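For reference, the chains in residue letters:
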Amino acid sequence: MNYYTLSIIGSPLGEFSYHSSKTISIGTRVTVEFNKNVKDSVVLSSCEKPTFDTNPILEVSDSIYSAKQMALAKFIATYYVCSLGDAFSVMMAFMHSYAEHGNEGLECGNETEESSSFHALHGNSYESKIELSLKQTEALEFLKEKKVGLLFGDTGSGKTEIYMKYFEQIISQGKRSIFLMPEISLTPQMGQRLEEHFGEAVVMWHSKLTPKQKRVALEKIHSGEAKIIAGPRSALFLPINDLGLIVVDEEHDDSYKSSSRPRYNARDIAIYMGKLYDVNVVLGSATPSLTSYVKFHHIRLKGGHFSSNKKFVYEPSIETLSPLIISSLEKTLQAKEQSIVFLPTRANFKYLICQDCGHTYECAFCSVGLSIHTKSRAMKCHYCNFTQAIPQICSECQSPKLTSARLGTAEAVKNISEELVNAKVEQFDRDVITTSAKLKKALKRFNDKETDILVGTQMLSKGHDYHGVTLAVVMGMDNMLNMGDYRAREKALSALIQVSGRSGRKQDALVLVQSFNEPFFSAYLEKYEEFLESEKEYREGLYPPYKKLCRILFAHKNGAKAQEEMRKMQDSLMAFSDIEVVGAGKCGIERVANKYRFEILLRSDKSTDLIKAINATKVSLAEIDMDPIEFS
Ligand SMILES: [Zn+2]
Ligand SMILES: [Zn+2]
């Protein structure tokens, strides 16, 4: 009889022992009975006969995790303080017959054959299709020399061509590339471009694939026909041999961070995989995160093919469809041109702003915005739980007009339609655009000029080309700027750059920004690197990338129970001198899905110190969020 330790996929629990008469390879997926259910599990190691009775392994499957996937799962489990079962739950195993068996070198012969047939398939014309400029060539050479290189390139500066040229070179080496992008179903144009150039060698992987499409994609990945595997964060965890390159486009995008267990960040996993697989990693963005900018060497690509004149006008006003906005939309409509209206993704919180001078309120300890809790008539900091009463008059100008109004996309569409009865106005956000088919149709209507005004959230700025837009109205910027989040400035400025980059691609355009913070936005709009430099000073000693943060969540139907667990862990954490308990208390959103929520926020110089302290003090209710980006 053989004995094995297994990890149950998706279970937060540790390792278990089972037996089998068969000899099973490490990494093989098997099924076992666990808590009276049949569960998929992974064979971690063989072991001695345990002193207790074991259950049998029921079925041995045809799938196996490679040695590198096993190493990756271990890294995820350690760094994000979750179980191996949680880590494996996001990873897809190899089919036995295609597995690397720990010896990837053997497959090279095969791959060269395949890649030469790829060239034959595409003929000679294929190489010549991508012509890089001198600057682009320079950038590519730079990236090839770096283990992790940041391509800091403005919208329209030709980042995609550089990626594509790099993919070609990786293919010619008989290797394959992973191309990560945020929410692929929302960027059909990128997919089209890749497919037009690389044909069958591209596999687009995303959650909206039908089971049949998924099967076809996996077959191409397994057989080696797929040379470029493009998709959102899940594309990192496909069974890919002969990896040669990982590109993370829009590396600053929040959708790379998973909001459920394991709470990993795909950009950071990509960087780890670069080391594990000994391949280069390229991070690309027009507005890189401060973290990547500080950690990695970058090359700057300025300007773009689309550069046309853009005029920025600021209206110091709270978030409202002002007469200036309506008249600007009307003028554009009369000129038979198109507009986009941007509203930030609906934040969960309201903050207090003075209608007369635009003054807002910050936490005295954390330099982030305070959120309003109407019920308790207080303003609260979501980092340290600092609380103060809602003031009656503005502390700057003594105006009594303090407000917390917000405008939603649906409401904006309704109000614009009422003001401009002849305009065709469409809502463009997650509530309405629920499938990629709906997205394609909405974009087609807009590009065919059937729609005059597109009103939307962040989705507006995700890589779509709007040819005829001559007016971009950007609302809610102050709202983003005053969010209770240490990255508020980075997110607001980056959103404004990304949205304004969508207008005036072919003709001159007006960008109307509703904000009391013109000095901030106008200073950095064209100088994102200067912003990053100034942001370094603000973050130093307090926030990432200079400090590590970890948020621990406690949720339970019984609020007292959740609070008690939080207190217990907080008390034990106090014993660790190399970590700091920044705050502990109720979460910003106190109740979700009928569960009361509490949290602890930790800070430290090193993630290893955090991991050590958490492992030593973890209570069963605690859910760990390493490098959190959500503070609600
Ligand atoms: Zn005021
Ligand atoms: Zn605070």
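What this report covers is the structure whose coordinates are included nearby. If you're wondering where the values come from, they're calculated on a predicted model, not measured in any experiment.

### A word on the coordination of the zinc ion (ligand 1)
1) Next: Around the zinc ion (ligand 1), the donor atoms from the protein are Cys354 (SG), Cys357 (SG), Cys394 (SG) and Cys397 (SG), and they sit 2.3 Å away.
2) Next: One can describe the site at the zinc ion (ligand 1) as tetrahedral: its 4 donor atoms subtend angles covering 104 to 114° at the metal.
3) Next: Motif for the zinc ion (ligand 1), donor spacing along one chain: C-x2-C-x36-C-x2-C. You can see cysteine 354 sitting in strand E16 (residues 353–354) and its partner cysteine 394 sitting in the loop between strand E19 (387–389) and strand E20 (402–403), a full 40 residues away along the chain. Here cysteine 354 and cysteine 394 have matching classes, each one buried.

### Describing helix H17 (residues 528–539)
In an α-helix, one full turn covers 3.6 residues, which means residues spaced three or four apart are oriented alike.
1) Next: For H17, which comprises 12 residues, the first-to-last C-alpha distance of 16 Å matches the rise-based estimate of 16 Å (1.5 Å per residue) to within 8%.
2) Next: When H17 is considered as a whole, its buried residues turn out to be Tyr528, Glu529, Phe531, Leu532, Glu535, Tyr538 and Arg539. With its buried residues spanning 160° around the axis, H17 presents them on a single face.
3) Next: The first or second residue beyond H17 is glycine 541, which carries a positive phi of 80°.

### Observations concerning the packing of aromatic side chains
1) Next: All told, the structure shown has 22 aromatic pairs when counted by the stated rule.
2) Next: Judged by centre distance (6.3 Å) and plane angle (85°), the rings of phenylalanine 152 and tyrosine 528 are edge-to-face. With a gap of 376 residues between them, phenylalanine 152 in strand E7 (residues 148–153) and tyrosine 528 in helix H17 connect regions that are remote in the sequence. With respect to class, phenylalanine 152 is no different from tyrosine 528; both count as buried.

### A closer look at empty space enclosed by the protein
1) Next: Counted according to the given criterion, the structure contains 2 cavities of 30 Å³ or more.
2) Next: Empty space within the largest cavity amounts to approximately 100 Å³.
3) Next: A per-element tally of the lining of the largest cavity places helix H14 (residues 477–481) first, with 3 residues.
4) Next: Residue composition of the lining of the largest cavity, grouped by class: 5 nonpolar, 6 polar and 3 charged.
5) Next: Approximately 60 Å³ is the volume found for the second largest cavity.
6) Next: Among the elements of the structure, helix H1 (67–79) and helix H9 (266–277) are those that each provide at least two residues to the lining of the second largest cavity.

### Quick notes on the side chain of histidine 197
1) Next: Along the chain, histidine 197 falls in helix H7 (residues 188–198).
2) Next: In this structure the side chain of histidine 197 is engaged in a polar contact, spanning 2.8 Å, whose partner is the side chain of glutamate 168.

Basis of the calculations
Residues numbered from 1 in each chain as written. Chains lettered and ligands numbered in written order. Predicted model: local features only at pLDDT ≥ 70, side-chain atom pairs only at ≥ 80, totals over all residues. Heavy atoms only, no water. Donors = N, O, S within 2.8 Å, 3.2 Å for Na, K, Ca; no water. Tetrahedral: all angles 85-135°; square planar, octahedral: opposite > 155°, others 65-115°. Helix = DSSP H or I, 4+ residues; strand = E, 2+ residues; numbered from the N terminus. Buried < 20%, exposed > 50% of the residue type's maximum accessible area, 1.4 Å probe, protein only. Expected span 1.5 Å × (residues − 1). Arc of directions from axis to C-beta. Phe/Tyr/Trp six-rings, centres within 6.5 Å; stacked < 30°, edge-to-face > 60°. 1 Å grid on protein atoms, 1.4 Å probe; cavity = no way out; pocket = protein on both sides within 12 Å on 5 of 7 lines; lining within 4 Å. Points joined across faces, edges and corners; volume = space filled by probe spheres on them. Nonpolar A, V, L, I, M, F, W, Y, C, P; charged D, E, K, R; others polar. Polar contact = N/O pair within 3.5 Å; in protein donor to acceptor, adjacent residues only side chain to side chain.

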